[in-house]
Amino acid sequence: MATEHVHVARTLMDHLPVLVVLVPFLAAPLTVLLGSQRLAWPIAFVSSLVSFLISIKLLMQVIDGGVISYHIGGWAPPLGIEYRIDAANAFVLLLVSAIGTIVMPYTVQSIKSEISERHHTLFYTMYLLCFTGLLGVVATGDAFNVFVFLEISSLSTYVLVAMGAKADKRALTAAYDYLIMGTIGATFFVIGIGFLYAGTGTLNMADIAAHISTNGADRTIETAFAFIVVGMGLKVAIYPLHLWLPNAYTYAPSAVTSFLAATATKVAIYVLLRFMFSVFQPDFLFEINALRWIMIPLALVAMFAASLIAVFQSDLKRMLAYSSIAQIGYILLGIGLLSATGLSGAIVHLFNHGITKAALFMGVGALVLRSGSSFYARIEGMGKVMPWTSFAIVIAGLSLIGVPGTAGFISKWVLVQAALEQGWWPIALAVVASSLLAIIYVWRVIEVLYMAQPADPTRREAPLSMLIPLWIMALSTIWFGLDTDMTMSAARAAADGLLNGFSIGGTSVGH
Amino acid sequence: MDTNTAILLTMVIPAAASVGNLLLRNHANLRDGMTLGAAVATFLTVLVILSNVGNGTTAPLVLFEVFPGLDIAFNVEPLGLMFAIIASGLWILTHIYGVGYMRGNNEDNHTRFFASFALAIAAVMGLAFSANMFTLFLFYEMLTLSTYPLVAHKGTPEAISGARTYLGILMGTSIALLLVAVIWTYTIAGTLDFTTGGILRGHIAGPMVALLLGLYAFGIGKAALMPFHRWLPAAMVAPTPVSALLHAVAVVKAGVFTMLKVGIYIFGIDFLAETGASEWLMWLAAYSIIAASIVAMTKDNLKARLAYSTISQLSYITLGMALATSMGALGGGLHIAMHAMGKITLFMCAGSIYVATHKTNISQMNGLGRIMPITYGAFLIGALSIIGLPPLGGSWSKWLLMVGAADAGQQVMIAVLMLSSLLNVAYLLSIVGRGFFWPAASDAEPVKIAESPVLVWLPPALTAFGCLVLFFYATDIRDFLMPIVGGTP
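In this text the structure is predicted, and so the values were computed from the model without any measurement.

**Overview of the overall build of chain A**
Point 1. Scanning chain A for helices and strands turns up 19 helices and four strands.
Point 2. For chain A, the C-alpha radius of gyration of 22 Å lies close to 24 Å, the compact-globule estimate for 511 residues.
Point 3. Reported as C-alpha extents along the three principal axes, the dimensions of chain A are approximately 70 × 60 × 40 Å.
Point 4. Relative to its full complement of 511 residues, chain A shows a buried share of 62%.
Point 5. Long-range contacts, defined as pairs at least 24 residues apart, comprise 81% of the intrachain contacts of chain A with a sequence gap of at least 6.

Following this line, the structure appears as structure tokens:
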């Protein structure tokens, strides 16, 4: 850390790394204290928007490979808590806050039909806490702090999922399952952190990394690695640790699913990346074996098994949930390839799949609003009565397949290229072969929407407050499929930063 | 107008027409008139590009840089320009025909139909002017997607299952094989720009060349090379104007056009000849030519027979590329034009028969020629051009292909082409023969001329005349195409 130089923060701009988390964190109790249903939404929206704007600013500061190190309360790390922003987490911050902000206008109409009236204020509180937790996990540079924020986001997520109980009581069991599995995951994670602390005597991630790279790894640290990967694997929904996901996504209110599908698993993947590449060193032999012989096979199984299950679903929401598990397989595959191209493919897919899935779940929510359910039998022929919603679903569906001109194509291109660079032909073919399954499951939906007569031709199009966020998402899947300047440079900078571990210095900002 | 603006306009005008169709959905005449205007405007814009050729080379039109060294970019080269002229010119005729057909036949959903149609043309224009394989792939997929609603148009279970086969094969092959081939090429050559002489020399050798060519040849499903040809007969459930323009001209020609582009600008004809990588493809194309012709003879449904005839004729073009000689490539290029003009005539005649009599099977068409002389006359001319008899355009491309085969020392291929001509005679002229000479089913009534509506019979009559005209201008087209093999006109 020789290149770091400490200077005292004087302006608000210097506090951005913590403000991005702090703004929604303070807004959450405010909604409860005010207790006003009318004020809850504006507070939630404004604070998400502020976080979003801060994230843009942060990404612009670090996209060229810079690092911002912020010391909470002016206490220098490793004793104090450090927030550390580089290209990798700034990019994820941007994804989370962008989705969180765009989903906001959508929630107004969506929760009216899906969440009981008396829970509306609490919904925004929980939403803001979840948002805070996810941003905090990403922004922090302290291993224990990751756990704290992870629990903030997880606990609020369980509540959010359970709020789907108005429409379907099974939301309660889904939330309960998620609670059990999520807690096991979090426990594994914190045990892993405990081992790390025992092995290195510090909780600051950069410090742990420095300790491991100078002193090498021992059994304690290897055990820590195993616990952390399995614990996070549960949160990521790595096949076969995915069992909580389909029910949680299916029964949660649509607005919640749109937000979570695009962010929660992505943040967990970020943590996995951060620990694998920055905290533990990628050249750590144990890790290479874990990646090559465990991660890649599991990723491949997810890509095929989950896609195949998705093909046979008869509920659109559940189909998309299984497709998420398959798409997470792609991201893990990119990580497992252990190259700069593979990693940037994984990171860009994390973003591209996030916006694609958000668009799809928003579309489903609009269908549910008008037809009451997302079963294929209930949404037949909706292409005629809800043309805007249906066409947005088609666009996002094409991105899910990876049709050129959409965001999904870009990430698949990079992944196939990464596999071919290493001469791993079977992997490249597996990526495209699994896309063929995606064609089938997406096309089933398109046929349901367009090739049947609507059951009730008097249904109306969804309200504008849902259509506009939906179309922002759908059009951004096309935009990021054509103009990859922002996404690919951020992904490349992030991949380089991760592969270099914490060796790059940064500007320290103290209080 | 400078060339780059014109290129952009050729895509923007049809795309705008597509949106305009949706906006004017309640004003049928205005909507169809607007599309006709757009078709004419697109054709004129392509002609502007043609008139600009030779005014010095312009820099390619770059819209986005997607990956380093990989742009969404467009430029003009002879093969693409010829394809654009054919597609945009025939769009005008097909649109007129389509309006007559859709109204004469009381089909539903005109707006969706014409909107998808215009979007497909926009995709074809983008494909024709693509400056690299990446851009071409983008428009290739866009063409598949925009034509899917056309194939599924009728919404019957038969149409849905046909459309499923259509989409499944075209998209499946393009993602599973073509995409891998494209990324492989990019990984080893570092570029995907279409370059005269190819970009692969020195980057790949041995049997891998043949493997890569195989990924391309099968990945380009639109070229309907056996065994990935089934989508074409499946797509014939579409209304006839779709079959006419899209499945005799735009979609299938996009396939063989891509095939030629890959052979000429990615591999390079000389590189293919040196490595012998395309020899297996030549034999496969020859097999496709003969096998599809034989299947065509067994088909009683007129459109199905024409579909198999198309599969056979498309393999002529693949064969031209696989021969790996300049003459073969030129013959393949010329055949794109000649077959387009001939086959669109045949399809429009089939539609004309359907509109007038609602008959689809050849066995029911006895004696129809005496009732519909103009339609059957146009059909005869189109058929003779496909067979390759002078004085019709098809004779020249077949001639060049044979010269190409001789240059390559593949005398067997000359025999294949001649045998194919004989088979063409058998399955195409028998239809005309039945029409004119066989007694009609109900001969009791006196024969009265009862043609289809004028908007339906006039376009095929014009394209039949076009087959004749092309015979006299074939040399000009060949000279125009010369630069693609590095020659000068």
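**A word on the overall build of chain B**
Point 1. Helix and strand counts for chain B stand at 18 helices and two strands.
Point 2. In terms of C-alpha radius of gyration, chain B reaches 21 Å, essentially the compact-globule figure of 23 Å for 489 residues.
Point 3. Looking at the 489 residues of chain B, the share that counts as buried comes to 62%.
Point 4. Contacts in chain B between residues far apart in sequence, at least 24 positions, make up 81% of those at least 6 positions apart.

**As for helix H18 (residues 454-481) of chain B**
Point 1. With 28 residues, H18 of chain B ought to run about 40 Å at 1.5 Å a step, yet its terminal C-alpha atoms sit only 36 Å apart, falling short of that.
Point 2. The principal kink in H18 of chain B, of about 60 degrees, is found at Tyr473 of chain B.

**Focus: the pairing of strand E2 (residues 68-71) of chain A**
All names here are of chain A.
Point 1. Of the two faces of E2, the one lined by Ile68 and Tyr70 and the one lined by Ser69 and His71 are each fully buried.
Point 2. One ladder, built from four bridges, connects E2 with strand E3 (residues 82-85); its direction is antiparallel. Bridging from a neighbouring strand, His71 pairs with Glu82 of E3.

**Looking at the pairing of strand E2 (residues 70-74) of chain B**
Residues and elements named next belong to chain B.
Point 1. Extensive coverage of E2 is indicated by the burial of five of its five residues.
Point 2. With burial as the criterion, each face of E2 is covered, one bearing Leu70, Ile72 and Phe74 and the other bearing Asp71 and Ala73.
Point 3. Judged from the five bridges that link them, strand E1 (residues 61-67) and E2 form a sheet pairing that is antiparallel. Among the inter-strand pairings, Val62 is bridged to a residue of E2, identified as Ala73.
Point 4. A loop of two residues connects E1 with E2, the two strands running antiparallel in sequence, and Gly69 in this loop sits at a positive phi of about 75 degrees.

**Examining the nonpolar core**
Point 1. Counting 409 residues, the largest nonpolar core has Phe91, Val161 and Ile347 of chain A together with Ala87 and Val124 of chain B as the members making the most contacts within it.
Point 2. Every residue in contact with Phe91 of chain A, bar those within four places of it in the chain, is listed here: Leu59, Ile347, Phe351, Ala490, Ala491 and Ala494 of chain A.

**Some words on the confidence of the model for chain A**
Residue and element names in this part refer to chain A.
Point 1. Across chain A, pLDDT averages 87, with 95% of residues at or above 70.
Point 2. For the stretch residues 1-5, pLDDT sits under 50, and the model shows eight contacts to residues farther than four places along the chain or on other chains.
Point 3. Note that residues 503-511 has pLDDT below 50 and, in this model, 36 contacts with residues that lie over four places away or in other chains.

**Re helix H17 (residues 411-437) of chain B**
Residue and element names in this part refer to chain B.
Point 1. Along its 27 residues, H17 runs 38 Å from first to last C-alpha, staying within 8% of the 39 Å computed at 1.5 Å per residue.
Point 2. Most pronounced at Leu429, the bend in H17 amounts to some 35 degrees.
Point 3. Listed as buried for H17 are Met413, Val416, Leu417, Ser420, Leu423, Asn424, Tyr427, Leu428, Ile431, Val432, Arg434 and Gly435.
Point 4. Residues of H17 that are buried sit in contact with helix H11 (279-298), helix H12 (302-322), helix H14 (368-371), helix H15 (373-387) and helix H16 (394-407).

**Re the environment of Ile387 of chain B**
Residues and elements named next belong to chain B.
Point 1. Structurally, the position occupied by Ile387 is in helix H15.
Point 2. The buried category is assigned to Ile387, around which 21 C-beta atoms lie within 10 Å.
Point 3. Note: C-alpha distance between Ile387 and Ala415 (28 residues apart in sequence) is 14 Å.

**A look at the interface of chain B and chain A**
Point 1. Contacts between the two partners involve 22 residues from chain B, matched on the other side by 21 residues from chain A.
Point 2. For the side of chain B that touches chain A, the elements supplying multiple residues, two or more each, are E1, helix H5 (133-151) and helix H6 (157-189) of chain B.
Point 3. Looking at the side of chain B that touches chain A element by element, the count peaks at eleven residues for H6 of chain B.
Point 4. Considering only residue class, the side of chain B that touches chain A consists of 18 nonpolar, three polar and one charged.

**Quick word on the confidence of the model for chain B**
Parts of the model with low pLDDT should not have their predicted coordinates read in detail.
Residue and element names in this part refer to chain B.
Point 1. Of the residues in chain B, 97% have a pLDDT of 70 or more, and the chain-wide mean is 85.
Point 2. For chain B, per-element mean pLDDT is lowest for H14, which scores 78, and highest for H5, which scores 90.
Point 3. Across the predicted assembly, pTM comes out at 0.88 and ipTM at 0.84.

**So, the packing of helix H3 (residues 87-114) of chain A against helix H18 (residues 464-482) of chain A**
Residue and element names in this part refer to chain A.
Point 1. Where H3 meets H18, the axes come as close as 8 Å, and the angle between the chain directions of the two elements is 150 degrees. The interaxial crossing formed by H3 with H18 has left-handed handedness. Judged by residue contacts, Ile102, Val103, Pro105, Tyr106, Val108, Gln109 and Ser110 of H3 engage Ser465, Met466, Ile468, Pro469, Ile472 and Met473 from H18.
Point 2. Per-class residue counts for the contact of H3 with H18 are ten nonpolar, three polar and no charged.

**Some details on the packing of H3 of chain A against helix H10 (residues 254-279) of chain A**
Residues and elements named next belong to chain A.
Point 1. Contact pair H3 / H10: the axes reach a minimum separation of 7 Å and the direction vectors enclose 160 degrees. It follows from the interaxial angle that H3 and H10 lie roughly antiparallel. When the axes of H3 and H10 are compared, the crossing they make is left-handed.

**As for the environment of Gln37 of chain A**
All names here are of chain A.
Point 1. Within the secondary structure layout, Gln37 lies in helix H2 (residues 37-62).
Point 2. Since 14 C-beta atoms lie within 10 Å of it, Gln37 is described here as partly exposed.
Point 3. Between the C-alpha atom of Gln37 and that of His119, which follows or precedes it by 82 residues, the distance is 9.4 Å.

**Quick look at unusual backbone geometry**
All names here are of chain A.
Point 1. For the bond running from Tyr239 to Pro240, omega is 5 degrees, close enough to zero to count as cis.
Point 2. Among the structural elements, Pro240 can be located in the loop between helix H8 (219-236) and helix H9 (244-251).
Point 3. Residue Ala237 is not a glycine yet carries a positive backbone phi of 70 degrees.
Point 4. Along the chain, Ala237 falls in the loop between H8 and H9.

Rules used in this analysis
- Per chain, residues are indexed from 1 in the order of the written sequence.
- Chain letters and ligand numbers both follow the written order, the letters beginning at A and the numbers at 1.
- Local features in this predicted model are restricted to residues of pLDDT 70 or higher, and side-chain atom pairs are both shown and tallied only at a pLDDT of 80 or more, whereas totals for entire chains, interfaces and linings draw on every residue.
- What counts as a helix is a DSSP run of H or I of at least four residues, what counts as a strand is a run of E of at least two, and both are numbered from the N terminus.
- Two things to know: the radius of gyration comes from C-alpha atoms, and the globule rule equals 2.2 Å times the number of residues to the power 0.38.
- Residues are called buried when their C-beta atom has 20 or more other C-beta atoms within 10 Å, exposed when it has 12 or fewer, and partly exposed otherwise; all C-beta atoms are positioned from the backbone.
- What counts as a contact is two residues whose backbone-derived C-beta atoms lie within 7 Å of each other.
- Multiplying 1.5 Å by the helix residue count minus one yields the expected span of that helix.
- Bend at a residue means the angle formed by two fitted axes: the first through the 7 residues ending at that position, the second through the 7 residues beginning there.
- When DSSP finds at least two bridges between two strands, those strands are taken to pair.
- Put simply, a nonpolar core is a cluster of buried Ala, Val, Leu, Ile, Met, Phe, Trp, Tyr and Cys residues tied together by C-beta atoms within 7 Å.
- Values of pLDDT, which run from 0 to 100, indicate the predictor's confidence residue by residue.
- Only Asp, Glu, Lys and Arg are considered charged, only Ala, Val, Leu, Ile, Met, Phe, Trp, Tyr, Cys and Pro nonpolar, and every remaining residue, Gly among them, polar.
- A fitted line through C-alpha atoms serves as each axis, taken over the contacting stretch for helices, and the angle formed by two N-to-C directions is quoted from 0 to 180°.
- In this scheme the crossing of two helices becomes right-handed for a clockwise turn of the near helix relative to the far one and left-handed for an anticlockwise turn of less than a right angle.
- Oblique is the label for any angle not under 35 degrees, not over 145, and not in the 65 to 115 range, which are roughly parallel, roughly antiparallel and roughly perpendicular in turn.

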